[in-house]
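Fold and contact review
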Amino acid sequence: MMFNCKEVAEQLLSFRDGALSDEDTEILRKHLHLCPPCTHLLGGYEETLRVLQRLKPVPMPEGLMERLKRRLDDNC
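Described below are features of the structure shown in this document.

As a further point, take the overall build of the chain. Broken down by element type, the chain carries four helices and zero strands. Starting at the N terminus, the α and β elements of the chain follow one another as α-α-α-α. Relative to its length of 76 residues, the chain is extended, with a C-alpha radius of gyration of 19 Å against a globular reference of 11 Å. Reported as C-alpha extents along the three principal axes, the dimensions of the chain are approximately 50 × 30 × 20 Å. Counting all 76 residues of the chain, 17% fall into the buried class. In the structure as shown, the chain presents an accessible area of about 6400 Å², 57% of it carried by carbon and sulfur atoms. Each charge class in the chain can be summarised by its mean position, and for the 11 positive and 13 negative side chains these summaries are 8 Å apart.

What follows deals with the nonpolar core. One finds Phe3, Val8, Leu12, Phe15, Leu20, Ile27, Leu28, Leu32, Cys35, Cys38 and Leu42 forming the largest nonpolar core, which totals eleven residues. For this core, the secondary structure elements donating two or more residues are α1 (5–16), α2 (22–34) and α3 (36–54). Non-local contacts of Leu42, meaning those with residues more than four positions away in its chain, are made with Leu12, Phe15, Arg16 and Leu32.

What follows concerns the side chain of Thr25. As for its position among the elements, Thr25 is in helix α2. If near-sequence neighbours (up to four positions away) are discounted, Thr25 is found in contact with Phe15 and Leu20.

Inspection of the secondary structure puts Leu32 in helix α2. Spatially, the C-alpha atom of Leu32 lies 20 Å from that of Arg50, the residues being 18 residues apart in sequence. Excluding its chain neighbours within four sequence positions, the residues that come into contact with Leu32 are Val8, Leu12, Phe15, Cys38, Thr39 and Leu42.

Turning our attention to the pattern of salt bridges. Scanning the entire structure with this criterion turns up three salt bridges. Here Lys6 ties to Glu10 by a salt bridge, and the two come within 2.9 Å at their closest N and O atoms. With Lys6 and Glu10 both in helix α1, this residue pair falls four residues apart, about one helical turn. Overall, the relative accessible area of 59% leaves Lys6 in the exposed class.

Moving on, we get to the packing of α1 against α2. Across the interface, α1 lies against α2 with an axial gap of 11 Å and an inter-helix angle of 120 degrees. Here α2 runs oblique to α1, going by the angle between their axes. Classified by chirality, the crossing of α2 by α1 is left-handed. Counting all contacts with α1, which are made through Cys5, Val8, Gln11, Leu12 and Phe15, the residues of α2 involved are Thr25, Leu28, Arg29, His31 and Leu32. Looking at the contact of α1 with α2, its residues break down into six nonpolar, three polar and one charged.

Scoring rules and cut-offs
Residues numbered from 1 in each chain as written. Predicted model: local features only at pLDDT ≥ 70, side-chain atom pairs only at ≥ 80, totals over all residues. Heavy atoms only, no water. Helix = DSSP H or I, 4+ residues; strand = E, 2+ residues; numbered from the N terminus. Rg over C-alpha atoms; globule rule 2.2 N^0.38 Å. Buried < 20%, exposed > 50% of the residue type's maximum accessible area, 1.4 Å probe, protein only. Areas by Shrake-Rupley, 256 points an atom, 1.4 Å probe, with all protein chains shown as cover. Lys, Arg positive; Asp, Glu negative; His and termini not counted. Charge placed at Lys NZ, Arg CZ, Asp CG, Glu CD. Core = buried A, V, L, I, M, F, W, Y, C linked by side-chain atoms within 4.5 Å. Contact = heavy atoms within 4.5 Å. Salt bridge = Lys/Arg side-chain N within 4 Å of Asp/Glu carboxyl O. Axes fitted to C-alpha atoms, helices over the stretch in contact; angles between N-to-C directions. Parallel < 35°, antiparallel > 145°, perpendicular 65-115°, else oblique. Left-handed = near helix turned anticlockwise from the far one by under 90°. Nonpolar A, V, L, I, M, F, W, Y, C, P; charged D, E, K, R; others polar.

Okay, here's the thing in structure tokens:
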């Protein structure tokens, strides 16, 4: 069994996080070896994650958490 590019794109973050089965990981690795566009997409994900990890946390505005909880309570 092989993944097509759409299936690979849907699995790349799970692949990167080590969350795929051994079989799916091996299938995806083989696909990446043969498919430069998917390899490039994985590189883009990895670069995006590196950039996000360098960002400093922004404090939540005062009262936002309470407003979010109220909104969730109202919709549930």
